[in-house]
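# Observations on the model geometry
Listed below, chain by chain, are the residues.
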Amino acid sequence: MSELLSMKGITIEFPGVKALDNVDFSLNAGEIHSLLGENGAGKSTLIKCLTGVNHMDEGKIYLEGKEIRPSSPMEAIETGISTVFQEVNLCPNLSVAENIFVGRQPMKHRQINWREINQRAEELMSRFHLDIDVTRPLSYYSTAIQQMTSIARAVDIQAKVLILDEPTSSLDENEVQLLFSVMRELKANGMGIIFITHFLDQIYAVSDRMTILRNGHLVGTYGINELSKVELVTKMVGKDMDVIFNLKRADVKPDSRITLQANHIGDSSHIKDISLTLKEGELLGFAGLLGSGRTETAEMLFGASRIVQGEIILDGTKLNLTKPFDAIKAKIAFCPEDRKRDGIIGDLSIRENIMLAVQSRKGFMKPMTRQEQTDLANKYIALLGIATPDCEKKAGELSGGNQQKVILARWMAAEPEVLILDEPTRGIDIGAKAEIQRLMLEMCGSGVSVIFISSELDEIIRCSNRIVIMRDREKVAEIDGSSCTQQDILKIIAEGAA
């Protein structure tokens, strides 16, 4: 394979931190090359340098042997470098076809040639084995189809380099396999693909080589068969895997006090009959496929979705949860699945994000002083190991794992009795996953009751005292977390009963 892209000696400094220090990276034509590292390792900074978002202080970039220096994302696209992000950055109100050709629509007699646009869009999508109506709005289709639309746009502009940034984080298994088949087809046609993901199995399923970054430094570049998964994790984190996941499950006594109880709760459209109990200091896991009703159940327990049947009891008192503020007053906290949409407020500082729940409970007529806010924010920055020069940094500028820690800090500062975590480890690296799992168990040890929702069965089993299994918006089983296997859970999900 011939070298398509070469980045040599890339160095980028931000105020107070050297984000990249003399990093090399190369990509061959017809290769899928995984770019790996913990959150904050420098992956996004390297990609932003390649796509003209960040400007390097030192180093050179060569594309097909010619030096390039993109000054903007548009210039990078014109050079032949296209990116598909984790959050699809297209126009949901426009059709699939319009999104593929936006800004470069074919014209006929000084008017947009809609017939050609729709025909070419159908041909592009059929290359990916998708038979869809390209005239429908993009919002009509799943995340997977939206990402395929981004890839189709890159193919049509004849991109030489395709960057896939966490493309599988919101896809189910069938959609992941569809994406992989498209990646392999593009690879066979000579395109170079940079693949960023935190899913180890996916790295080994589709990659040719992998480059590992840690703390802004290059650890090394390896063939896919040169490192085992354990060796890969060790190089990414700088610690042995046994040390990373040396976790002790919460110790819950049979006669422990029941903190939260839900009796036959249901909402207006999704969930009809869910019952569960949660003991003091217990971690209750929720397992199930996407769309099984896990998130909807959590939203009912937090008042984000109003229940129309059943009752919720906290410490022996029936709750009337009509809105999230009612749950916050009752000391129930909720970290949502989509941290960017529902959790983090990117334009606010870390301090301001952490203070939101505390100040909400105190009431805005009793504001905390600036010094009190700073002291509390710094306490949780140190406790959770949030990587930042100070508490005034904008939360939106943090890596995904550090944003997740800020959301955790917000609710830890509010001192909840019940903490509901919906996919808290999605899209973050394996080291940050272990840190968050350890924090959950430490909170259980201090008496907090935790509900933990995850699509990764290994971490559900690793942490949970009991596991509730959901299927088709129903609770189909409840099993002991300390004595079950992934196969046990998968069998229940497939058959619908224990």
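Please read these numbers as outputs of a predicted model, since none were measured by experiment.

### Some details on the overall build of the protein
- Scanning the protein for helices and strands turns up 18 helices and 22 strands.
- With the C-alpha coordinates of the protein rotated into their principal frame, the extents come out at 70 × 50 × 50 Å.
- Of all 498 residues assigned to the protein, the portion counted as buried reaches 54%.
- Here the analysis covers contacts within the protein between residues at least 6 apart in sequence; of these, 65% occur between residues at least 24 apart.
- When the accessible surface of the protein is totalled, it reaches about 22200 Å², and 48% of it is carbon and sulfur.
- Counting 57 positive and 69 negative side-chain charges, the protein places the centres of these two groups 3 Å from one another.

### Structural notes on the state of the cysteines
- Scanning the model with the defined rule gives 0 disulfides in all.
- No disulfide involves cysteine 463; its sulfur sits 9.0 Å from that of cysteine 444, the nearest cysteine.

### Re the nonpolar core
- In terms of nonpolar packing, the biggest core is built from 82 residues, with Leu260, Ile332, Trp411, Leu419, Ile467, Ile469 and Ile489 touching the most fellow members.
- It is helix α15 (residues 400-413) that contributes the most residues to this core, 7 residues altogether.
- Counting 38 residues, the second-largest nonpolar core is a separate cluster that includes Val84, Val96, Val134 and Ile145.

### Some remarks on the pairing of strand β21 (residues 466-471)
- Extensive coverage of β21 is indicated by the burial of 5 of its 6 residues.
- With 4 bridges joining them, strand β15 (residues 283-287) and β21 adopt parallel strand pairing. Note on β21: the bridge partner recorded for alanine 287 is isoleucine 469.
- Alignment of β21 against strand β22 (residues 474-480), held across 6 bridges, turns out to be antiparallel. Directly across from methionine 470, in β22, lies its bridge partner lysine 475.
- Taking the residues that link successive antiparallel strands as the turn, the β21-β22 hairpin has 2 residues, and the phi of aspartate 472 there is positive, at about 50 degrees.

### Digging into helix α1 (residues 43-50)
- Counting buried residues in α1 gives 6 out of 8 residues, a clear majority hidden from the surface.
- Taken as a whole, α1 has its buried residues at Lys43, Thr45, Leu46, Ile47, Cys49 and Leu50.

### Regarding the sheet that holds strand β19 (residues 418-422)
- Spatially, β18-β19-β20-β15-β21-β22 is the arrangement adopted by the 6 strands of the open sheet, whose pairing is mixed. Edge positions in the open sheet fall to β18 (332-335) and β22, since each of these has one partner strand only. For this sheet, the mean inter-axis angle between neighbouring strands, taken without regard to orientation, is 20 degrees.
- The pairing of β18 with β19 spans 4 bridges and is parallel. Following the sheet pairing, isoleucine 332 is matched in β19 by valine 418.

### Examining the packing of helix α13 (residues 350-362) against helix α14 (residues 370-384)
- Two elements in contact, α13 and α14, have axes whose closest approach is 9 Å; the angle formed by their N-to-C orientations is 100 degrees. Here α13 is positioned roughly perpendicular relative to α14, judged by the angle of their axes. Across the interface between the two elements, Ile350, Arg351, Ile354, Met355 and Val358 of α13 pack against Arg370, Gln373, Thr374, Leu376, Ala377 and Ile381 of α14.
- Across the contact of α13 with α14, the residue classes break down as 7 nonpolar, 2 polar and 2 charged.

Calculation notes
- Residues numbered from 1 in each chain as written.
- Predicted model: local features only at pLDDT ≥ 70, side-chain atom pairs only at ≥ 80, totals over all residues.
- Heavy atoms only, no water.
- Helix = DSSP H or I, 4+ residues; strand = E, 2+ residues; numbered from the N terminus.
- Buried < 20%, exposed > 50% of the residue type's maximum accessible area, 1.4 Å probe, protein only.
- Contact = heavy atoms within 4.5 Å.
- Areas by Shrake-Rupley, 256 points an atom, 1.4 Å probe, with all protein chains shown as cover.
- Lys, Arg positive; Asp, Glu negative; His and termini not counted.
- Charge placed at Lys NZ, Arg CZ, Asp CG, Glu CD.
- Disulfide = S-S within 2.5 Å.
- Core = buried A, V, L, I, M, F, W, Y, C linked by side-chain atoms within 4.5 Å.
- Pairing = 2+ DSSP bridges.
- Axes fitted to C-alpha atoms, helices over the stretch in contact; angles between N-to-C directions.
- Parallel < 35°, antiparallel > 145°, perpendicular 65-115°, else oblique.
- Nonpolar A, V, L, I, M, F, W, Y, C, P; charged D, E, K, R; others polar.

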